[in-house]
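Commentary on secondary and tertiary structure
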Amino acid sequence: LPAEIGRLSKLNDLSLGTNEMTGQLPMQLYDLTMLTRMSVANNQITGSIDTAIGRLTRLRSIDFRYNLMHGQIPSEMGLLSQLEVVLLGRNPFSNQIPTEIGKWELVKTIDLSDTNLSGPIPSEIQNLRLLESFDISGCRLESKFPKSLPASLKILILSDNDLEPTIPTEFFLLSNLERLHFSNTTFRGQLPIEIGKLTSLTELKLSNSHIEGPLPSELGNLELLQYLSLDNTMLSSTLPTELGNLASLVFLGFENNTLYGSIPTEFENLEELFYLQLDQNRITGPIPSGVGRMVKLRRLKLDNNLLTSTIPWQLSRLTNLFHVDMSNNLLTGTVPSSFSRWQDSIQDFYLYGNNLTGGLENLFCGSLPFLQDFVSDCELVCTCCSECK
């Protein structure tokens with residue numbers, strides 16, 4: 001970026017994103033005091049943000065994402081009281097989040113994700129009464145969460161941090177929340193029943209955390225929810241029948257927990273599902289035939305459970321499936337011949353580790369052109385299987 005840019009004294013919108021720019025921001029940039037919007041995102045800019053940025057008091061939007069900028073975020077940014085959008089993520093900044101962010105009274109969006117920022121989240125965040133989106137995922141933040149959060153928050157993304165071990169109760173007072181992510185954190189304890197009060201939620205991502213205990217039935221109150229992920233946690237309970245109320249769900253993941261009991265028949269109401277992951281639990285009973293109503297389903301993972309009985313033929317209605325894993329269960333009987341209807345989609349199919357009988361020769365061999373990985377028990381006759389176990 002040439003130093004001569006400082007001559008554009010009346011410039012109010014500077015947008016130079018995705019231009020393979022290198023080097024540091026010239027000091028003359030901070031002479032452009034008429035700027036209201038500045039974006040240099042997705043380049044290879046190095047250096048730090050100079051304290052002179054405090055002179056750009058008309059700025060409403062700043063976007064420095066996806067660069068190589070380092071150093072600390074200067075406290076002088078607190079002088080930019082007109083800011084509405086602050087996007088600094090995906091840079092190796094260091095030190096702490098300055099407390100001066102509490103002066104951004106008009107700010108709606110803050111993205112500090114995937115930086116090297118450390119220390120606490122400033123309590124001054126509670127002053128940001130208009131804040132709607134706050135993303136601090138992938139940092140090195142630690143210690144307790146602020147006691148108060150702006151009620152205006154719609155998006156709160158805290159994944160990949162070392163925050164306090166208990167889930168802050170403040171989360172469940174944010175009735176406007178639409179997206180709540182705290183995967184890969186040190187949060188532990190049970191998911192409180194107050195989660196059912198967040199009726200605006202569309203995404204709840206809590207995977208790879210230390211959430212334990214039962215699944216609250218109040219999750220069934222979140223009727224706008226589209227994405228529910230609690231993979232790789234410490235849950236130990238049955239699957240609440242109330243989850244069948246979540247008719248907007250696209251993704252449901254409870255992989256690698258200690259869930260037990262049967263799959264509720266109410267799951268047949270989840271007709272918008274694309275991904276159903278219940279593998280690596282202790283789920284018992286038959287596969288409900290109502291799963292065949294999930295006609296948009298693309299991935300079905302039921303492996304490493306204690307499922308019994310025969311495989312329902314109704315699953316053949318799921319003609320969008322590309323990945324099916326029923327391995328390592330207690331399934332019996334034959335594989336339904338109607339599964340040949342998967343011929344236009346299925347790529348991976350795992351059946352081994354069950355008590356199935358019969359042959360697969362006429363069912364699959366030659367009729368599933370996109371099949372890449374097909375693993376069955378060696379007792380089943382299948383010359384086109386990629387492997388048997």
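Residues numbered from 1 in each chain as written. Predicted model: local features only at pLDDT ≥ 70, side-chain atom pairs only at ≥ 80, totals over all residues. Heavy atoms only, no water.

**Some words on the sheet that holds strand β18 (residues 234–235)**
If you trace the three strands from one edge of the open sheet to the other, you get β14-β16-β18, paired in parallel fashion. The open sheet has two free edges, formed respectively by β14 (188–190) and β18, since each of these has just one partner strand. (Pairing = 2+ DSSP bridges. Helix = DSSP H or I, 4+ residues; strand = E, 2+ residues; numbered from the N terminus.)

**What to know about the nonpolar core**
If you look at the biggest cluster of nonpolar residues, it comprises 110 residues, and the most contacted ones within it are Phe64, Leu156, Phe171, Leu228 and Phe254. Excluding its chain neighbours within four sequence positions, the residues that come into contact with leucine 228 are Leu204, Leu243, Leu246, Leu249, Phe251, Leu252, Gly253 and Phe254. (Core = buried A, V, L, I, M, F, W, Y, C linked by side-chain atoms within 4.5 Å. Buried < 20%, exposed > 50% of the residue type's maximum accessible area, 1.4 Å probe, protein only. Contact = heavy atoms within 4.5 Å.)

**Side note on the pattern of salt bridges**
Applying the stated criterion to the full structure yields 11 salt bridges. One salt bridge in this structure joins glutamate 271 and arginine 293, with 2.5 Å as the shortest N-O distance. Taken together, the positions of glutamate 271 in the loop between β20 (260–261) and β21 (275–277) and arginine 293 in the loop between β22 (282–285) and β23 (299–301) put the pair 22 residues apart, joining distant regions of the chain. Lysine 296 serves as the salt-bridge partner of glutamate 272, at 2.7 Å between the closest nitrogen and oxygen. In this pair, glutamate 272 sits in the loop between β20 and β21 while lysine 296 sits in the loop between β22 and β23, placing the two residues 24 residues apart along the sequence. Given the relative accessible area of 32%, glutamate 272 is considered partly exposed. The class for lysine 296 is partly exposed, based on a relative accessible area of 34%. What you see here is one network of salt bridges that share partners, running through Arg90, Asp111 and Asp114. (Salt bridge = Lys/Arg side-chain N within 4 Å of Asp/Glu carboxyl O.)

**Concerning unusual backbone geometry**
Trans is the common state for peptide bonds, and a negative phi is the common state for residues other than glycine. Backbone geometry at tyrosine 66 places phi at a positive 55°, although glycine is not the residue there. Position of tyrosine 66 among the secondary structure elements: in the loop between β5 (61–63) and β6 (85–87). Residue tyrosine 66 is classed as partly exposed on the basis of its relative accessible area, which comes to 42%. You will see that asparagine 256, though not glycine, has its phi angle at about 60°, which is positive.

**Some details on the sheet that holds β22**
As summarised here, the arrangement of the three strands in space is β20-β22-β24, forming an open sheet in which the pairing is parallel. The outermost strands of the open sheet, each flanked by one partner alone, are β20 and β24 (306–307). Bridging between β22 and β24 involves two bridges; their strand directions are parallel. Within the sheet, the bridge partner assigned to glycine 285 lies in β24 and is leucine 307.

**Focus on the packing of aromatic side chains**
Summed over all chains, the structure comprises 10 aromatic pairs. Geometrically, the ring pair formed by phenylalanine 171 and phenylalanine 187 is edge-to-face, given 6.0 Å between the ring centres and 80° between the ring planes. Of this pair, phenylalanine 171 sits in the loop between β12 (162–163) and β13 (179–181) while phenylalanine 187 is found in the loop between β13 and β14, placing the two residues 16 residues apart along the sequence. Across this residue pair, the class does not change: phenylalanine 171 and phenylalanine 187 are buried. (Phe/Tyr/Trp six-rings, centres within 6.5 Å; stacked < 30°, edge-to-face > 60°.)

**What about the pairing of strand β16 (residues 210–213)?**
Where β14 meets β16, three bridges bridge the pair, whose relative direction is parallel. Bridged to glutamine 190 within β16 is glutamate 212. Pairing between β16 and β18: two bridges, direction parallel. Each residue of the ladder has a partner; that of glycine 213, found in β18, is leucine 235.

**Looking at the environment of asparagine 161**
The topology assignment puts asparagine 161 in the loop between β11 (155–157) and β12. As a C-alpha pair, asparagine 161 and phenylalanine 182 span 21 residues in sequence and 8.4 Å in three-dimensional space. Once residues within four sequence positions are removed from consideration, asparagine 161 is found in contact with Ile136, Ser137, Gly138, Cys139, Arg140, Leu141, Asn184, Thr185 and Thr186. Here isoleucine 136 takes part through its backbone oxygen, which lies 2.8 Å from a polar atom of the side chain of asparagine 161. Of note is the side chain of asparagine 161, whose polar atom sits 3.1 Å from the backbone nitrogen of leucine 141. (Polar contact = N/O pair within 3.5 Å; in protein donor to acceptor, adjacent residues only side chain to side chain.)

**Details of the side chain of glutamine 277**
Along the chain, the position of glutamine 277 falls in strand β21. With near-sequence residues (within four places) excluded, glutamine 277 lies in contact with Asp231, Phe251, Leu252, Gly253, Phe254, Glu255, Arg299 and Lys301.

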